[in-house]
Amino acid sequence: MADNSKDDFFQLFKRFGAFLTLKVSNLFQNLDSRSVGAIAGLAFAIVFTWRILRSPSGPQRRRPKRQAVTPGSSDVNSHLSAIVATSGVSPSSEDSSTQNVIDEFFQPVKPTLGQIVRQRLSDGRKVTCRLLGVILEETSPEELQKQATIRSSVLEVLLEITKFCDLYLMERVLDDESEKNVLVALEDAGVLSMVKDKVLFCSTENGRTSFVRQLEPDWHIDTNPEIIFQLARFIKYELHISPTKPERAAMNVFSSTSLEQFFGTV
C-alpha cells in the first residue's frame, strides 16, 4: 500500500512539472513580488517533500521472483479487468482528475485595480488632470457657476492614482463662485484630501496649458483636443477623454470615453 501511494505521488508530481512548464510564463505576468515569493516557497516545499519520499526509508526486502508465465490473451484481459475493478478508477479518469486539480490550482490571478492603474500609467509619478468632463459631471465653465457634481464612478480610480502619483487637478472658471462650488464638491467627495489640496484654477484654456508645461507631468488628462495636440510634443503621455473615438494626435496620445473605462472599471 505504501509503495502504491508513493508511485501515485510520483506520477502526480511528474504531471505537475509538465503542466507547470506550460503555465508558469502566463502566471508570472499577473503576480506581484509577494505572490512570486509565495509560489517560490511552495515550489521549494514540493521539491523538498519529493526528495524525502524518494530517499529509501530503510533496508528494502528483496521481493521473491515470480515464476514467469506465458499467459494467453484471455488471461491478460482478465488480469487487467481485475486491476481496474479493484482500484475502482480507470487510467483516463485518474488523468482527468489530476488535470482538474492542477487547473484549479493555476487559475489566472486577477490583478487588482492598483496594479492595473500602475501598469496603464507606465509607473508615472506625476499626473495632471482637468476637472470638467473627467471628474465632474459638468462639461462647461458656465455650468460651474450654478453647481459642481463629482462623478462617483471615478473616485476609486482617483484613490489608486493618488497612492503612488502626485495628482494635480485644474480647471478654467469664470468667477469666484465657480471656484467655490468646485472646491466644496471636491471636499465633500473626499477628493480634496486625496490630492492634498493640489487644485489649480485659471481663467483661460491657455492658462491650463501653461500649468501643465510648468509641472512637466508624466501624464496629462484632458478633454480639449487642441490642448492635447499642443502638449503632445512636451508631455510623455496624454489621455484624451472623449465620448467618441477621436483621431490619434500622436503616438504618445491615448483616448477613452472616460477615466474609469481607460482603467477597466466599467
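Scroll up to find the structure.
If you're wondering where the values come from, they're calculated on a predicted model, not measured in any experiment.

1. As for the packing of aromatic side chains
Here comes step 1: A full pass over the atoms with the stated rule returns 5 aromatic pairs.
Here comes step 2: Taken together, Trp 219, Tyr 237, Phe 254, Phe 262 and Phe 263 form an aromatic cluster joined through their ring pairs.
Here comes step 3: Positioned above the aromatic ring of Phe 254, the side-chain terminus of Arg 248 is 5.0 Å from the ring centre.

2. What about the pairing of strand β4 (residues 219-222)?
Here comes step 1: Where burial is concerned, the two faces of β4 agree: the one with Trp 219 and Ile 221 and the one with His 220 and Asp 222 are both buried.
Here comes step 2: Relative to strand β5 (residues 237-241), β4 runs parallel, the two sharing 4 bridges. Along β5, the bridge assignment pairs Ile 221 with Leu 239.
Here comes step 3: Handedness of the β-α-β unit built from β4, helix α11 (residues 225-231) and β5 comes out right-handed.

3. A few points about the packing of helix α5 (residues 113-120) against helix α7 (residues 155-164)
Here comes step 1: Look at α5 against α7: their axes get within 9 Å of each other, and the N-to-C directions meet at 65°. With respect to α7, the element α5 is oriented roughly perpendicular. Here α5 runs over α7; the crossing is right-handed. For the pair α5 and α7, contact is made by Leu 113, Gly 114, Val 117 and Arg 118 and by Glu 156, Val 157, Glu 160, Ile 161 and Phe 164, respectively.
Here comes step 2: Taken together, the residues of the contact of α5 with α7 sort by class into 5 nonpolar, 1 polar and 3 charged.

4. Some points on the pattern of salt bridges
Here comes step 1: Tallied over the entire structure, the rule returns 9 salt bridges.
Here comes step 2: Linking Asp 222 and Arg 130 is a salt bridge whose minimum nitrogen-to-oxygen distance equals 3.8 Å. Placement of Asp 222 in strand β4 and of Arg 130 in strand β1 (residues 126-130) is noted, with a sequence separation of 92 residues between them. With respect to burial, Asp 222 and Arg 130 carry one shared label: buried.
Here comes step 3: Bridged by salt links that share partners, the residues Arg 130, Glu 171, Arg 172, Glu 205, Arg 208 and Asp 222 form one connected network.

Calculation notes
Residues numbered from 1 in each chain as written. Predicted model: local features only at pLDDT ≥ 70, side-chain atom pairs only at ≥ 80, totals over all residues. Heavy atoms only, no water. Phe/Tyr/Trp six-rings, centres within 6.5 Å; stacked < 30°, edge-to-face > 60°. Lys NZ or Arg CZ within 6 Å of the ring centre and 35° of its normal. Buried < 20%, exposed > 50% of the residue type's maximum accessible area, 1.4 Å probe, protein only. Helix = DSSP H or I, 4+ residues; strand = E, 2+ residues; numbered from the N terminus. Pairing = 2+ DSSP bridges. Right-handed = clockwise from strand over helix to strand, strands pointing away. Axes fitted to C-alpha atoms, helices over the stretch in contact; angles between N-to-C directions. Parallel < 35°, antiparallel > 145°, perpendicular 65-115°, else oblique. Left-handed = near helix turned anticlockwise from the far one by under 90°. Contact = heavy atoms within 4.5 Å. Nonpolar A, V, L, I, M, F, W, Y, C, P; charged D, E, K, R; others polar. Salt bridge = Lys/Arg side-chain N within 4 Å of Asp/Glu carboxyl O.

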